[in-house]
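Descriptive structure summary
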2 protein chains.
Amino acid sequence: MSRPTIAAVAQAAGVSVASVSRVLNGLPATEEMAERVQRAVEQLGYVPDSRARSLKVGRTFQLTLAVADVGNPVYVTMMRAVEEVVSAAGYRLVVTTTGADVVDEVALVRGMARGYADGLLISPIRVDEDLVKSIRECGVPVVVAGNVPAKAGVDTVRANSPKGMLLAVDHLVAKGRTHIAFLNGPADTVPGTARAKGFADALKAHDLQPAGETEAADFTFAAGRAVGGEVLRSQPDAVICANDLLAVGLMHELVGAGLRVPEDVAVVGMDDSELAEQSFPPLTSVNLGSAERGRRAAELLLARIEDNDRRPRRIVVQPSLSVRRSTP
Amino acid sequence: MSRPTIAAVAQAAGVSVASVSRVLNGLPATEEMAERVQRAVEQLGYVPDSRARSLKVGRTFQLTLAVADVGNPVYVTMMRAVEEVVSAAGYRLVVTTTGADVVDEVALVRGMARGYADGLLISPIRVDEDLVKSIRECGVPVVVAGNVPAKAGVDTVRANSPKGMLLAVDHLVAKGRTHIAFLNGPADTVPGTARAKGFADALKAHDLQPAGETEAADFTFAAGRAVGGEVLRSQPDAVICANDLLAVGLMHELVGAGLRVPEDVAVVGMDDSELAEQSFPPLTSVNLGSAERGRRAAELLLARIEDNDRRPRRIVVQPSLSVRRSTP
DNA sequence: GTCGGGCTTGTAAACGATTACAAGAACGAT
DNA sequence: ATCGTTCTTGTAATCGTTTACAAGCCCGAC
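Our subject in this report is the structure included herewith. (Residues numbered from 1 in each chain as written. Chains lettered and ligands numbered in written order. Predicted model: local features only at pLDDT ≥ 70, side-chain atom pairs only at ≥ 80, totals over all residues. Heavy atoms only, no water.)

In the region of DNA strand C, 24 residues are neighbours, and Ile6, Ser21 and Tyr46 of chain A together with Ser19 and Arg22 of chain B sit closest. Among all atoms of DNA strand C positioned within 4 Å of the protein, those belonging to sugar or phosphate total 65%. Within the side chain of Arg22 of chain B, one N or O atom sits 2.8 Å away from a base nitrogen of DNA strand C. Thr30 of chain B is positioned with one of its side-chain polar atoms (N or O) 3.2 Å from a phosphate oxygen of DNA strand C. Counting residues per element, the ones that place at least two in the surface near DNA strand C are α2 (17-24) and α4 (50-57) of chain A together with α2 (17-24) and α4 (50-57) of chain B. Its residues placed into classes, the surface near DNA strand C shows 13 nonpolar, 6 polar and 5 charged. (Near = heavy atom within 4 Å. Polar contact = N/O pair within 3.5 Å; in protein donor to acceptor, adjacent residues only side chain to side chain. Helix = DSSP H or I, 4+ residues; strand = E, 2+ residues; numbered from the N terminus. Nonpolar A, V, L, I, M, F, W, Y, C, P; charged D, E, K, R; others polar.)

Written as structure tokens, this is what we have:
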């Protein structure tokens, strides 16, 4: 006993399938026709098949957002912004998780191909040629929140993390901290490389030597905690972390080692996610414009759906610093 | 210039559409056939349309998880567990957000109806008859992570929050706290009512009077903070909070008011989400089995997809207490 | 030489909706 | 009464796949 189709409804109501479709889509119909159809629909518990519908009309009114790790609060900020834009435009947003692995991302893009959604917004953590290739071949408009080579010819929205790093270092130096360490995530990721370079440049701009540089296994709380001891070995008076999760993980280790934040060691996160506000002490964090990136990326996606031949755009969002109590 | 179809590929390769389909689906074919098809696919950049495909085969191999608030870390725990189960079974998981509003949930269930996914796992925060009705009419297997009336006849997996409350109160009493307050979320929600009742019963079991009961506007950090002052008015020596976000929000206010956790006030959260571990001090929290609920719910969903006529099951997952440093 | 069996390949009928087009009904104007 | 308009309704084509079925081919066995 499979689900009823529009034909069953038509038969039950004693009308044609076209009439059923028309009533259901709110096209003009007589009172009596509408009534009969409604009754039949009710009685059979008919639910239209959206696959068939979207196959015919060519759109699903669904958009997909693919993120690396749903546990990373930076994505909730971004997700909220995206959601707002796309739902205002009449689309439903669905979120899917890629692993941190690039092959997962490729598989996702491939699988997400034509049909499941009208567009894809992806925030990849690692990028290689396969990914770029799969994006181009994907068959549905894609915009990337992150950094891909310009020659890839895809719409991108990215953060300016070097500038963000500079803001963080400026702030710390202004507060008299000069022995600054960096806690990075995996260096073979897009944000990892960008932030490492940004850190180096920012210190150079102030004629400072890095107190130390540590690479965590992941951009996660647990990874930050795991390498906390290592970070402290250089006895820094401040640590900049590649994201908020790492920063919070580190702070736990600092406190565990009997150090005070910010008196003994100042800590700066990046992303300015909800966690920065929730952590204790509240975390000074570089706002890389996640919300704005989400919003702009969503707008780009909508525009590309509208007109697939438009010239690819590459937007860079400027950072700001949210100063909280984890720095003096 | 729309995307190429299988017919275009067939023409380019000089074979029939059936052959193309067969090659693409890995059915036996001669070396030469496979080669010609592959070449044509490559050359045209053909991507199969999954709508058409799933219309024909009757499955999408996608499952949807609908949660109220992506910012609530309890859902990431659940989501990870669900993801693990369903991806092992060969399904892709997509997540979508309902507001806290029940009409949004209904709209979602309706909209998610037949076609977008092979099944729906929903964790509703408010439940009414419309929602139950829409679930039954949805046309696709649904399992609810939460509490709906038994007569609704749907598969459910829910937590035992009264028992959880009891664990929390037991623990606090064992540590000598007797002036216990409760910080609830909105009382007109399913978890809100369950936890309020659980709290009352648990105190009664210990012959205690509640120090106070406060209702926050939402199950969020901000809402917890906002009513922090109110919670403190009754000068409790311990506060149990309806979830971790509220607890962390409250702790910020406690510290702001010059109180120490746990020396002056002990704080207990519920959900035992990642945030409990990340907060400072780490939060003692009632583990309501989010991961297990996610896992069991996913299993139920898979089973129902397999056999839609099976008798609905109602699973209750038992709680445990994760003691951390926010209690003595 | 003919027949049957196993392959490979093609033709065409689904899947379940939307919608262009045509046909019929109703109705007013002439 | 006839005609033309407008409005409603039905028929059938279509979206892009998969797949049942049939047809063709090649081969070995009789």
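So much for the structure itself; the text now carries on.
This brings us to the protein's contact with DNA strand D. Around DNA strand D, 25 residues are found, and the nearest of them are Ser19 and Arg22 of chain A together with Ile6, Ser21 and Lys56 of chain B. When the atoms of DNA strand D within 4 Å of the protein are sorted by group, sugar and phosphate make up 64%. The side chain of Lys56 of chain A places a nitrogen or oxygen atom 3.3 Å from a base oxygen of DNA strand D. Within the backbone of Asp49 of chain B, an N or O atom sits 3.3 Å from a phosphate oxygen of DNA strand D. Broken down by secondary-structure element, the contributors of at least two residues to the surface near DNA strand D are α2 and α4 of chain A together with α2 and α4 of chain B. In terms of residues, the surface near DNA strand D owes the most to one element, α4 of chain B, which gives 5 residues. Within the surface near DNA strand D, the residues separate by chemical class into 13 nonpolar, 6 polar and 6 charged.

Okay, the packing of aromatic side chains next. Residues and elements named next belong to chain B. For the structure on display, the rule yields 4 aromatic pairs over all chains. Between Phe182 and Phe199 the ring centres are 4.8 Å apart and the planes differ by 20°, which places this aromatic pair in the stacked class. Highlighted residues: Phe182 in strand β6 (residues 180-184) and Phe199 in helix α9 (residues 190-205), separated in sequence by 17 residues. There is no split in this pair, since Phe182 and Phe199 are both buried. (Phe/Tyr/Trp six-rings, centres within 6.5 Å; stacked < 30°, edge-to-face > 60°. Buried < 20%, exposed > 50% of the residue type's maximum accessible area, 1.4 Å probe, protein only.)

All names here are of chain A. Of the two faces of strand β7 (residues 212-215), only one is covered, namely that formed by Gly212 and Thr214; the face formed by Glu213 and Glu215 stays uncovered. As judged from the 4 bridges shared by strand β6 (residues 180-184) and β7, these two strands associate in the parallel manner. Note on β7: the bridge partner recorded for Leu183 is Thr214. (Pairing = 2+ DSSP bridges.)

All names here are of chain B. Position of Asn287 among the secondary structure elements: in strand β10 (residues 284-287). Given the relative accessible area of 22%, Asn287 is considered partly exposed. For the pair Asn287 and Asp49, spaced 238 residues apart in the sequence, the C-alpha separation amounts to 43 Å. Residue contacts for Asn287: discarding those within four places in its chain leaves Asp271, Asp272, Pro319, Ser320, Leu321 and Ser322. (Contact = heavy atoms within 4.5 Å.)

The residue Arg225 of chain B is located in helix α10 (residues 221-226) in this model. Distance from Arg225 of chain B to Gly249 of chain B, taken between C-alpha atoms, is 4.3 Å for residues 24 residues apart in sequence.

Next up on the list: the pairing of strand β1 (residues 62-67) of chain A. All names here are of chain A. Most of β1 is tucked away, with 6 of its 6 residues classed as buried. Residue alternation in β1 divides its side chains into two sets, Gln62, Thr64 and Ala66 and Leu63, Leu65 and Val67, and both sets are buried. Inspection of the sheet shows β1 paired to strand β2 (residues 92-97) by 6 bridges, in the parallel sense. Considered in β2, the bridge of Leu65 is made with Val95. Traced from β1 through helix α5 (residues 73-88) to β2, the parallel crossover comes out right-handed. Direction of pairing for β1 relative to strand β3 (residues 119-122): parallel, over a ladder of 4 bridges. Opposite Leu65, over in β3, you have Leu121 as the bridge partner. (Right-handed = clockwise from strand over helix to strand, strands pointing away.)

Residue and element names in this part refer to chain A. The mixed open sheet is built from 6 strands, whose spatial order is β7-β6-β8-β9-β10-β12. Looking at strand neighbours, the two that pair on one side only are β7 and β12 (320-322), the edges of this open sheet. Strand-to-strand twist across the sheet, computed as the mean angle between neighbouring axes with direction ignored, equals 20°. The pairing of β6 with strand β8 (residues 238-241) spans 4 bridges and is parallel. In the strand pairing of β8, Phe182 is matched with Ile240. Along the sheet face, helix α9 (residues 190-205) touches β6, β7, β8 and β9 (266-270) and points at about 170° away from the line of β6. (Axes fitted to C-alpha atoms, helices over the stretch in contact; angles between N-to-C directions.)

On to the relation of the copies chain B and chain A, then. The transform that puts chain B on chain A rotates by 180° and translates by 0.1 Å along the axis, for an RMSD of 0.1 Å. The superposition of one copy onto the other is thereby described by a two-fold rotation axis. Residue by residue, 100% of the interface of chain B is reproduced at the interface of chain A, so both copies engage with the same surface. (Least-squares fit on C-alpha atoms with pLDDT ≥ 70 in both.)

All names here are of chain A. Running from N to C, α5 and helix α14 (residues 290-306) cross one another at 40°; their axes reach a closest spacing of 7 Å. Judged on the interaxial angle alone, α14 and α5 are oblique. In this structure, the crossing between α5 and α14 has a hand that is right-handed. Residues Val74, Thr77, Met78, Ala81, Val82, Val85 and Val86 of α5 pack against Ser290, Ala291, Arg293, Gly294, Arg295, Ala298, Glu299 and Leu302 of α14. Per-class residue counts for the contact of α5 with α14 are 9 nonpolar, 3 polar and 3 charged. (Parallel < 35°, antiparallel > 145°, perpendicular 65-115°, else oblique. Left-handed = near helix turned anticlockwise from the far one by under 90°.)

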